[in-house]
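# Reading the structure
Take a look at the letters that make up each chain.
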Amino acid sequence: MTETEKLQKVLARAGLGSRRELEKWIADGRVSVNGTVATLGDRVGNEDTLRVDGRIIKVKPEEDIVQRVIMYHKPPGEVCSRNDPEGRPTVFDNLPRLQGMRWVQVGRLDINTTGLLLFTTDGELAHRLMHPSNGFVREYAVRVRGGMTPEKRQAMLDGVLLEDGVSKFDSIEDAGGAEEGANHWYKVTLTGGKYREVRRLFQSQDLDVARLMRIRFGDLTLPPQLRQGRWMELEAEQIQALIGKVELKGKKYTGLYGRARLRHQRTGSKPPRKARGPYRR
């Protein structure tokens with residue numbers, strides 16, 4: 001019997017978008033399998049012909065798919081969408097161009113929040129990185145206006161009932177500021193990913209967030225050399241570490257140089273030298 005997988009998973013792995021985005025494409029009738037409009041829950045195999053908006057999608061074997069992941073330092077004023085109806089700049093404007101694939105963002109930051117965003121060409125990997133069950137810790141640097149009392153601090157650690165459920169910080173660390181000043185910095189961590197969750201938690205205690213910057217996602221920390229509006233590509237070892245944490249079946253070699261290394265192993269030829277300088281625009 002031919003092995004099959006969920007349609008949205010196959011399309012996500014091909015780099016067309018996140019699984020959630022592709023599920024909407026299927027529900028909207030944009031995807032067909034063997035000439036028949038697909039439905040959510042369809043499973044497909046290697047012999048099936050897939051089309052999106054009438055265009056045939058070539059589904060590569062899993063071992064041939066190139067996975068790329070980049071860290072991006074988001075500046076204020078950029079929106080986390082591909083196209084903005086108001087014409088504002090988006091986080092996709094400064095990303096490297098791709099052929100036959102798309103960058104899928106891992107989570108979102110609101111327009112005024114800066115800091116670390118992840119993008120990948122593997123929609124299934126993006127889906128698993130975002131899923132709450134995998135428990136990736138997000139760390140933020142927050143500049144707060146207002147007086148932080150021990151009671152307010154403990155309330156945010158114990159849990160606060162917001163409009164969409166209970167939220168809490170895993171930790172709150174004093175990060176400095178003038179003793180009598182109106183603004184004070186804190187570092188906070190949480191594993192949730194609700195809309196504007198950090199800001200709303202502070203607002204629940206009558207504390208106003210003046211600045212907010214994400215500085216860590218899981219084990220990945222925003223490099224101090226990575227300036228706003230710039231991106232940095234992860235090394236193969238870093239990608240494999242991410243894959244291992246979400247129990248995604250990984251490829252031994254990923255990125256631009258993976259297949260060349262495999263050819264080197266088969267033929268004994270000299271592998272290519274990897275380009276230097278990971279900080280790119």
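Quick note: structure is the one above.
Residues numbered from 1 in each chain as written. Predicted model: local features only at pLDDT ≥ 70, side-chain atom pairs only at ≥ 80, totals over all residues. Heavy atoms only, no water.

Moving on, we come to the overall build of the protein chain. Within the protein chain, the regular secondary structure consists of seven helices and 18 strands. When each of the 281 residues of the protein chain is scored for burial, the buried share is 42%. For the protein chain, contacts bridging at least 24 residues in sequence account for 64% of all contacts bridging at least 6. Total accessible area on the protein chain stands at roughly 15,600 Å², and carbon and sulfur atoms take up 48% of it. (Helix = DSSP H or I, 4+ residues; strand = E, 2+ residues; numbered from the N terminus. Buried < 20%, exposed > 50% of the residue type's maximum accessible area, 1.4 Å probe, protein only. Contact = heavy atoms within 4.5 Å. Areas by Shrake-Rupley, 256 points an atom, 1.4 Å probe, with all protein chains shown as cover.)

Before going further, it helps to examine the sheet that holds strand β3 (residues 36-37). Spatially, the four strands line up as an open sheet ordered β3-β2-β5-β6, and their pairing is antiparallel. Two strands bound the open sheet, and with one partner strand each, they are β3 and β6 (55-57). (Pairing = 2+ DSSP bridges.)

Let us look at helix α3 (residues 123-130). The element α3 is largely enclosed, with a buried count of six among its eight residues. For α3, the capping residue at the N-terminal end is Asp122, with a side-chain oxygen 3.0 Å from the backbone nitrogen of Glu124. (Polar contact = N/O pair within 3.5 Å; in protein donor to acceptor, adjacent residues only side chain to side chain.)

A few words now on the nonpolar core. Ranked by internal contacts, the top residues of the largest apolar core, which has 28 residues, are Phe119, Tyr140, Val142, Phe169, Val188, Val198 and Phe202. Going through the elements one at a time, β7 (69-74), β9 (114-120), β10 (138-145), β11 (160-162), β14 (183-190), α5 (197-203) and β15 (208-217) are the ones with two or more residues in this core. Residues Val106, Leu125, Phe136 and Val246 belong to the second largest nonpolar core, which totals 20 residues. (Core = buried A, V, L, I, M, F, W, Y, C linked by side-chain atoms within 4.5 Å.)

The next subject is the packing of aromatic side chains. Scanning the entire structure with this criterion turns up four aromatic pairs. Seen in terms of ring centroids, Tyr72 and Phe119 are 6.2 Å apart; in terms of plane orientation they differ by 75°. Their pairing is edge-to-face. On the criterion of sequence distance, the pair formed by Tyr72 in strand β7 and Phe119 in strand β9 is long-range, its members being 47 residues apart. Note on Phe136 and Phe217: the rings are 5.3 Å apart at their centroids and 20° apart in plane angle, and the pair reads as stacked. On the criterion of sequence distance, the pair formed by Phe136 in the loop between α3 and β10 and Phe217 in strand β15 is long-range, its members being 81 residues apart. A residue is classified by how much of its surface remains accessible, and Phe217, at 2% relative accessible area, is buried. Ring-pair connections join several aromatic residues into one group, and the members of that group are Tyr72, Phe92 and Phe119. (Phe/Tyr/Trp six-rings, centres within 6.5 Å; stacked < 30°, edge-to-face > 60°.)

Now for the environment of Ala155. Structurally, Ala155 can be placed in helix α4 (residues 150-158). Residues Ala155 and Leu201, 46 residues apart in the sequence, show an inter-C-alpha distance of 9.5 Å. In contact with Ala155, other than residues within four places in its own chain, are Val160 and Gln205.

Burial within β9 is extensive, with seven of its seven residues counted as buried. Note: β7 against β9, six bridges, orientation antiparallel. What sits directly across from Val69, in β9, is Thr120. Looking at chain direction, β9 and β15 are connected through two bridges and run parallel. Residue pairing across strands places Thr114 opposite Met213, the latter belonging to β15.

The next point concerns the pattern of salt bridges. Should the charged atoms of two oppositely charged side chains come close, the side chains can pair. If you walk through the whole model with that rule in mind, you get 16 salt bridges. Notably, a salt bridge pairs Asp53 with Arg30, separated by 2.7 Å at the nearest N-O pair. Of the two residues, Asp53 sits in the loop between β5 (50-52) and β6 while Arg30 sits in the loop between α2 (19-27) and β2 (31-33), which places them 23 residues apart along the sequence. A relative accessible area of 30% places Arg30 in the partly exposed class. Across the pair Glu163 and Arg200 runs a salt bridge, and its minimum N-O distance is 3.4 Å. A residue pair is termed long-range when its members are at least 10 positions apart, and Glu163 in the loop between β11 and β12 (165-167) and Arg200 in helix α5 qualify at 37 residues. (Salt bridge = Lys/Arg side-chain N within 4 Å of Asp/Glu carboxyl O.)

This brings us to the environment of Phe92. Tracing the sequence through the fold places Phe92 in the loop between β7 and β8 (104-106). With 10 residues separating them in the primary sequence, Phe92 and Arg82 have C-alpha atoms 6.1 Å apart. Excluding residues that lie within four positions of it along the chain, Phe92 makes contacts with Ser81, Arg82, Arg97, Trp103, Gln105 and Phe119.

We now examine the pairing of β14. Of the strand pairs in this sheet, β10 and β14 are connected by eight bridges, and their pairing is antiparallel. In the sheet register, Arg138 faces β14, and the bridge partner there is Leu190. Judged from the five bridges that link them, strand β13 (residues 171-176) and β14 form a sheet pairing that is antiparallel. Within β14, the position partnered with Ile172 by the bridge is Val188.

Nothing here speaks to function; it is all geometry.
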